[in-house]
Amino acid sequence: AFDRIYVVSCETNAITHIINFTQIPYNVFSIAYNSFNNQMYATTFGGVFRINCTDNSVFSTVITLSGSCLDLTYNSASNKMYCSIGGAGSNVYLDVIDCSSNLVVGSPIVIAIGAYNLATFFNICYNLILNRVYIYYSNFVAVIDCGNDSILTVINVSTGASTILF
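So, a few notes on the structure that sits alongside this text. (Residues numbered from 1 in each chain as written. Predicted model: local features only at pLDDT ≥ 70, side-chain atom pairs only at ≥ 80, totals over all residues. Heavy atoms only, no water.)

1. Topic: the layout of surface pockets
The cut-off we apply is this: A pocket, in this scheme, is an open set of points on a 1 Å grid over the protein atoms alone with protein on both sides within 12 Å along at least 5 of 7 lines, while a cavity is a set where a 1.4 Å probe fits but cannot get out; residues line either one if an atom lies within 4 Å of a point. Grid points are joined across faces, edges and corners, and a volume is the space filled by probe spheres set on the points. Under the DSSP-based scheme used, a helix requires at least four consecutive residues in state H or I and a strand at least two consecutive residues in state E, with every element numbered from the N terminus. Each residue gets one label: Ala, Val, Leu, Ile, Met, Phe, Trp, Tyr, Cys and Pro are nonpolar, Asp, Glu, Lys and Arg are charged, and the others, such as Gly, are polar.
Roughly 280 Å³ of internal volume is contained in the largest pocket. Around the largest pocket sit 13 residues that line it, and Val-7, Val-8, Met-40, Cys-53 and Asn-56 are the ones nearest its centre. Of all the secondary structure elements, the ones that give two or more residues to the lining of the largest pocket are strand E1 (4-8) and strand E2 (15-20). When the residues that make up the lining of the largest pocket are grouped by side-chain class, the tally is 10 nonpolar, three polar and no charged.

Below, the structure is given as structure tokens:
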């Protein structure tokens, strides 16, 4: 359901808590876990909400992004979240959150101009070994160097792909 987040115990495989939208007022698109601060980051049209995994409470501060975050991934090497942004005009962006301050750092990384539409899929994943982020959109994969948060290359993939994993 899009109106709540279920917290499941990995030890018992049972639901231990439900976070309803009275706490998070928008549909959640994606969730990523930050192992450094034991928090979940949930993306919505309203920004990024943080959830304290110790007591399942929602922090009151919302991280504001340059647009609607459709997917995100955690970079454990630098303690950053990478958020794929679509719908800002027709462009595709990447916002970077420094998880130690929970602030967006730098300007949005422009991935593609005119590539976003409502049918666009967005998936993003992190490669710890190479310290790179891969973002899939509209039959392309952008490769991001996380050392300096810049685009290394954009790869044209076959039509019909809809996800990316590492």
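2. Quick word on the packing of aromatic side chains
Selection criterion: Pairing of aromatic rings covers Phe, Tyr and Trp, the last counted by its six-membered ring, and requires centre-to-centre distances within 6.5 Å; plane angles under 30 degrees mean stacked, over 60 mean edge-to-face, and any other angle means tilted. Here, a charge over a ring means that NZ of Lys or CZ of Arg falls within 6 Å of the ring centre while also lying within 35 degrees of the ring normal.
Evaluated as defined, the whole model comprises zero aromatic pairs. One residue, Arg-50, lies across the ring of Phe-59, its end atom 4.0 Å from the ring centre.

3. Concerning the pattern of salt bridges
So the rule is basically this: Salt bridge, as applied in this entry: a Lys or Arg side-chain nitrogen positioned within 4 Å of an Asp or Glu carboxyl oxygen. Relative accessibility under 20% of the residue-type maximum defines a buried residue, over 50% an exposed one, and the middle range a partly exposed one, all with a 1.4 Å probe and only protein chains included.
Within this structure, the stated rule accounts for one salt bridge. A salt bridge links Asp-149 to Lys-80; the nearest nitrogen and oxygen atoms lie 3.0 Å apart. Taken together, the positions of Asp-149 in the loop between strand E14 (140-145) and strand E15 (150-156) and Lys-80 in strand E8 (residues 80-88) put the pair 69 residues apart, joining distant regions of the chain. Residue classification places Asp-149 among the buried residues on the basis of a relative accessible area of 18%. We classify Lys-80 as buried; its relative accessible area is 17%.

4. Notes on the nonpolar core
As a reminder, the rule being used: Residues grouped as a nonpolar core are buried Ala, Val, Leu, Ile, Met, Phe, Trp, Tyr and Cys residues, joined through side-chain atoms within 4.5 Å. Pairs of residues are marked as contacts when any of their non-hydrogen atoms sit within 4.5 Å.
Ranked by internal contacts, the top residues of the largest apolar core, which has 15 residues, are Tyr-82, Leu-94, Ile-111, Val-133 and Ile-135. Counting residues per element, the ones that place at least two in this core are strand E9 (91-98), strand E11 (109-112), strand E12 (122-127), strand E13 (132-137) and E14. Excluding residues within four positions of it along the chain, Leu-94 makes contact with Tyr-82, Cys-83, Ser-84, Pro-108, Ile-109, Ile-111, Ile-124, Ile-135 and Ile-144. In terms of nonpolar packing, the next biggest core, distinct from the first, is built from 14 residues, Ala-32, Val-48, Leu-72 and Cys-83 among them.

5. Digging into the sheet that holds strand E3 (residues 30-34)
Inclusion rule: A strand pair is defined by DSSP finding two or more bridges across the two strands.
Strand order in the open sheet made by the four strands is E3-E4-E5-E6, with antiparallel pairing throughout. The strands lining the two open edges of the sheet, one partner per strand, are E3 and strand E6 (57-58). Of the strand pairs in this sheet, E3 and strand E4 (residues 39-44) are connected by five bridges, and their pairing is antiparallel. Among the inter-strand pairings, Ser-30 is bridged to a residue of E4, identified as Thr-43.

6. Observations concerning the side chain of Asp-71
Our working rule: Working convention for charge: Lys and Arg count positive, Asp and Glu count negative, and His plus the chain ends are omitted.
Structurally, the position occupied by Asp-71 is in strand E7 (residues 68-75). One buried charged residue, Asp-71, remains without a salt bridge, the closest side chain of opposite sign being Arg-50 at 17 Å. Excluding residues within four positions of it along the chain, Asp-71 makes contact with Ser-30, Tyr-82, Cys-83, Ser-84, Phe-122, Asn-123 and Ile-124.

7. Looking at a nonpolar patch on the surface
To keep it simple, the criterion reads: Every patch collects residues that have over 30% relative accessible area and no salt bridge, joining them within 9 Å if they carry like charges and within 5 Å if they are nonpolar side chains (Val, Leu, Ile, Met, Phe, Trp, Tyr). We get accessible surface area from the Shrake-Rupley algorithm with a probe of 1.4 Å; when it comes to residues, only the shown protein chains can shield them.
The grouping of Tyr-6, Val-8, Ile-15 and Ile-18 at the surface amounts to a nonpolar patch, some 350 Å² of accessible area in total. At the level of secondary structure, the elements contributing two or more residues to the nonpolar patch comprise E1 and E2. Relative to the helices and strands, Val-8 is located in strand E1.

8. With respect to the sheet that holds E12
What counts here: To obtain each axis, a line is fitted to C-alpha atoms, and for helices this fit is confined to the stretch in contact; angles are then taken between N-to-C directions over 0 to 180 degrees.
Across the sheet, which stays open at both edges, the four strands sit in the order E12-E13-E14-E15 with antiparallel pairing between neighbours. Of all the strands in the sheet, the pair left with one neighbour each is E12 and E15. Across the sheet, the mean angle separating the axes of adjacent strands is 20 degrees when strand polarity is ignored. Alignment of E14 against E15, held across six bridges, turns out to be antiparallel. Bridge pairing links Ile-144 to Ile-151 in E15.

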